[in-house]
Amino acid sequence: MNTPTATTIDLQLHLVPAGCRLDFARLSGRFAYVYRRQANQTWKCIAHNACSPHLDRTVPTTGSVIEYMVCYCDAAGNITDSTPIVQAPQPGHSQPVNLGLGARPVRRA
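Reading guide: rules and limits
Residues numbered from 1 in each chain as written. Predicted model: local features only at pLDDT ≥ 70, side-chain atom pairs only at ≥ 80, totals over all residues. Heavy atoms only, no water. Helix = DSSP H or I, 4+ residues; strand = E, 2+ residues; numbered from the N terminus. Buried < 20%, exposed > 50% of the residue type's maximum accessible area, 1.4 Å probe, protein only. Contact = heavy atoms within 4.5 Å. Pairing = 2+ DSSP bridges. Axes fitted to C-alpha atoms, helices over the stretch in contact; angles between N-to-C directions. Core = buried A, V, L, I, M, F, W, Y, C linked by side-chain atoms within 4.5 Å. Salt bridge = Lys/Arg side-chain N within 4 Å of Asp/Glu carboxyl O. Disulfide = S-S within 2.5 Å.

Participant: Give a detailed account of the environment of D10, specifying residues and quantitative values.
Facilitator: Topologically, D10 is positioned in the segment before β1 (11-16). The partly exposed category is assigned to D10, whose relative accessible area is 41%. Separated by 13 residues in the primary sequence, D10 and D23 have C-alpha atoms spaced 8.4 Å apart. Apart from residues no more than four positions distant in its own chain, D10 is found in contact with D23, F24, A25 and T83.

Participant: For unusual backbone geometry, give the residues involved together with the corresponding values.
Facilitator: Note: most peptide bonds trans; most residues except glycine with negative phi. Geometrically, the link from S52 to P53 is a cis peptide bond, its omega value of 0 degrees lying close to zero. Even without a glycine there, the phi angle at N49 is positive, about 50 degrees. Relative to the assigned elements, N49 resides in the loop between β4 (44-47) and β5 (54-56). By relative accessible area, N49 is classed as partly exposed at 47%.

Participant: Just give me the short version of the sheet that holds β1, but keep the residues and values in it.
Facilitator: If you walk across this open sheet you meet the three strands as β1-β2-β5, and the pairing is antiparallel. Where the open sheet ends on each side, the last strands, each with one partner, are β1 and β5. The average undirected angle you get between the axes of adjacent strands in this sheet is 25 degrees. The sheet contact formed by β1 and strand β2 (residues 19-24) spans six bridges and is antiparallel. Its bridge partner lying in β2, Q12 is registered against D23.

Participant: A description of the nonpolar core should follow, citing residues and the corresponding values.
Facilitator: Counting 16 residues, the largest nonpolar core has L11, L13, L22, F24, V34, Y68 and V70 as its most contacted members. Looking at this core, the elements that each hand over two or more residues are β1, β2, β3 (31-38) and β6 (66-73). Tallying contributions element by element places β6 first for this core, with four residues. Residues Y35, C71, C73 and I79 belong to the second largest nonpolar core, which totals eight residues.

Participant: Before we move on, can you summarise the pattern of salt bridges with the specific residues and values?
Facilitator: Following the criterion strictly, the structure yields three salt bridges and no others. Salt-bridge contacts for D56 lead to R36; the nearest nitrogen and oxygen are separated by 2.8 Å. With D56 in strand β5 and R36 in strand β3, this pair connects stretches of sequence that are 20 residues apart. Side by side, D56 and R36 carry an identical accessibility label, which is buried.

Participant: Lay out the state of the cysteines with the relevant residues and their values.
Facilitator: In the structure shown here, the tally under the stated rule is zero disulfides. Sulfur of C45: no disulfide; nearest cysteine sulfur belongs to C71 and is 8.4 Å away. What makes C45 partly exposed here is its relative accessible area of 24%. For C73, which is in no disulfide, the shortest distance to another cysteine sulfur is to C71 and amounts to 6.4 Å.

Here's what the structure looks like:
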């Protein structure tokens, strides 16, 4: 599978009482897949054909780093675009951290 090229698609994270709210763009003709990674483990797809905003009820705990990214796939399941990796803010902090480009999840058909 080819690695998608970098884009300027934005992913915004907000800690809310119910968990972490992810706001991302909708791309015409594309399906959004939300990925989460904790403590540099493997990427896990937590939402297929996701809508924005998406609520992840996994609340980050102190010392546990949670990262998110959204991959956009075409009808054939090929990744065409993706957001930069964004780190969820730790409780007590208000802003997420954008980590830029990094390891990408691999979607298997």
